[in-house]
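Geometric and topological summary
Each chain, written out:
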Amino acid sequence: MTRALALEHIVVADRLDAITATFAAGEVTAICGPNGAGKSTLLTCLAGLLEPDAGTVLLGDAPLFRMPAADRARAIGYLPQAPEVAWDLSVETLISLGRLPWRGAPAGEAQAAIDAAITAMDLEALRTRAVSRLSGGERARALMARVLATRPAWLLADEPLANLDLAHAASLMRRFREQAGEGRGVVLVLHDLATAMNHADRVLVLDRGHLAADGPPEQALSEAVIRRVWAVEGRWLGEPGAQALALG
Ligand SMILES: Nc1ncnc2c1ncn2[C@@H]1O[C@H](COP(=O)(O)OP(=O)(O)OP(=O)(O)O)[C@@H](O)[C@H]1O
C-alpha cells in the first residue's frame, strides 16, 4: 500500500508558514493560489528537495529528509515548473533516465516502463528525436514521460499542463486520474482553477504562504474563496465535472 505523504507544521522562512496537510494516495490533489503564494515551495518540500526551516515532511512514518536519496527517488517522481535538460539526448534516452533509481531491476521491466511512458505521452513518433529539436509542448511531454517511467508511488508536478495543447492537456489529466486509480498519490500545482475544479478530488489553496482553504474543490474553490484569495469576482457555470469560471 502507498504510504501517505504529510506536512507537519512546515515553515520555510518568508515563503510558507506552519502548513499542515496529509496527502492521500489514490487521490488527485491540486494546489492553487496566486503568483508567489508558495505553491512551488510546498511542492519542493514534498518532493524532498527543499528541507523546511521547521516542521517535518513524512512519507508514512519516515521523515523524508532522513531517507536514503535512492529510496526517495523511487517513491516520489517530481516534475519541476521549468525543468532543465542538461544534455541533448534523444527523447527515449531522456525518458530512460527516469529508471535510474531502479538500477539493477530487470532490463525488460525498465523497457516496459519506458515504452508505457512513451505511449502515455504520445511520443512514439518522436522517440529518436533530439530534445533540442522538440517544440515546447513536446519537450514538456517528454519530461513528464521521464517522471512516469519511474513509476513512483507519488507523482508531483508543477504546472504540468502549462505548455500543452487542449488535447494533450485533457489526455494528461486522464493519465493522472488513471495513476490515482492505480493507487498512486498525485499532487499538481495548477493555475487553471477550472481544471482543478473539474479534475481534482481535493484542492489546497495557498495565499501568501498560508493555507487559505483545503477540501473538496467545490468548497476550496468557492466563489467566496476566489474573491478573498485572488481578489477576482468569478462565477462557476455549467455542470459538475465540466464547469467553467466566468470572470467579472
Ligand atoms: N529560492 C528562493 N529563495 C527565496 N525566496 C524564494 C525562492 N524562490 C521563490 N521565493 C519566493 O518565495 C515566495 C513563494 O514562491 P513560489 O515559487 O513557491 O510561489 P508560487 O506560488 O509557486 O508562484 P508562481 O505561481 O508565480 O509560480 C515568492 O515570494 C518568491 O519570490
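Residues numbered from 1 in each chain as written. Predicted model: local features only at pLDDT ≥ 70, side-chain atom pairs only at ≥ 80, totals over all residues.

As named in an unreviewed UniProt entry, the chain is ABC transporter ATP-binding protein, taken from Novosphingobium kalidii. We quote the UniProt Function (unreviewed entry) comment for the chain here in full: "Part of the ABC transporter complex HmuTUV involved in hemin import. Responsible for energy coupling to the transport system." (UniProt positions renumbered as here; feature names shortened; annotations may be inferred.)

To continue, consider the site of the ligand. The ligand sits among Arg15, Gly33, Asn35, Gly36, Ala37, Gly38, Lys39, Ser40 and Thr41. Residues that form the shell around the ligand fall into these classes: one nonpolar, six polar and two charged. (Near = placed C-beta within 6 Å. Nonpolar A, V, L, I, M, F, W, Y, C, P; charged D, E, K, R; others polar.)

This part covers the environment of Val28. Summarising the element assignment, Val28 is placed in strand S3 (residues 28-32). In sequence terms Val28 and Gly185 are 157 residues apart; their C-alpha atoms lie 6.6 Å from each other. In this structure Val28 touches Phe176, Arg177, Ala180, Val186, Leu188, His199, Ala200 and Asp201, once residues within four positions along its chain are discounted. (Helix = DSSP H or I, 4+ residues; strand = E, 2+ residues; numbered from the N terminus. Contact = placed C-beta atoms within 7 Å.)

Okay, the environment of Asp192 next. If you trace the backbone, Asp192 turns up in the loop between strand S8 (185-189) and helix H7 (193-199). Placed 33 residues apart in sequence, Asp192 and Glu159 show a C-alpha to C-alpha distance of 9.2 Å.

A few words on the sheet that holds strand S4 (residues 54-59). Spatially, four strands are ordered S2-S1-S4-S5 in an open sheet, and the strand pairing comes out antiparallel. Two strands in the sheet have a free side with no partner beyond their single neighbour: strand S2 (16-23) and strand S5 (62-63). As defined by bridge partners, strand S1 (residues 5-12) adjoins S2 across five bridges and the pair is classed as antiparallel. Among the inter-strand pairings, Ile10 is bridged to a residue of S2, identified as Ile19. Sitting on the sheet, helix H1 (residues 39-46) touches S1, S2 and S4, and the angle it makes with S1 is about 125 degrees. (Pairing = 2+ DSSP bridges. Axes fitted to C-alpha atoms, helices over the stretch in contact; angles between N-to-C directions.)

This part is about the sheet that holds S3. Spatially, the six strands line up as an open sheet ordered S6-S7-S8-S3-S9-S10, and their pairing is mixed. Strand pairing shows two members of the sheet lacking a second neighbour, strand S6 (76-79) and strand S10 (210-215), which therefore form its edges. Across the sheet, the mean angle separating the axes of adjacent strands is 15 degrees when strand polarity is ignored. Here strand S9 (residues 202-207) runs beside S10; their pairing, made up of five bridges, is antiparallel.

Below, the discussion takes up the pairing of S4. Of the pairings in the sheet, the one linking S1 to S4 comprises five bridges and is antiparallel in character. In the sheet register, Ala6 faces S4, and the bridge partner there is Leu58. With two bridges connecting them, S4 and S5 associate as antiparallel partners. Following the sheet pairing, Leu59 is matched in S5 by Ala62. Between S4 and S5, which pair antiparallel and follow one another directly, the connecting turn spans two residues, one of which, Gly60, has a positive phi of 65 degrees.

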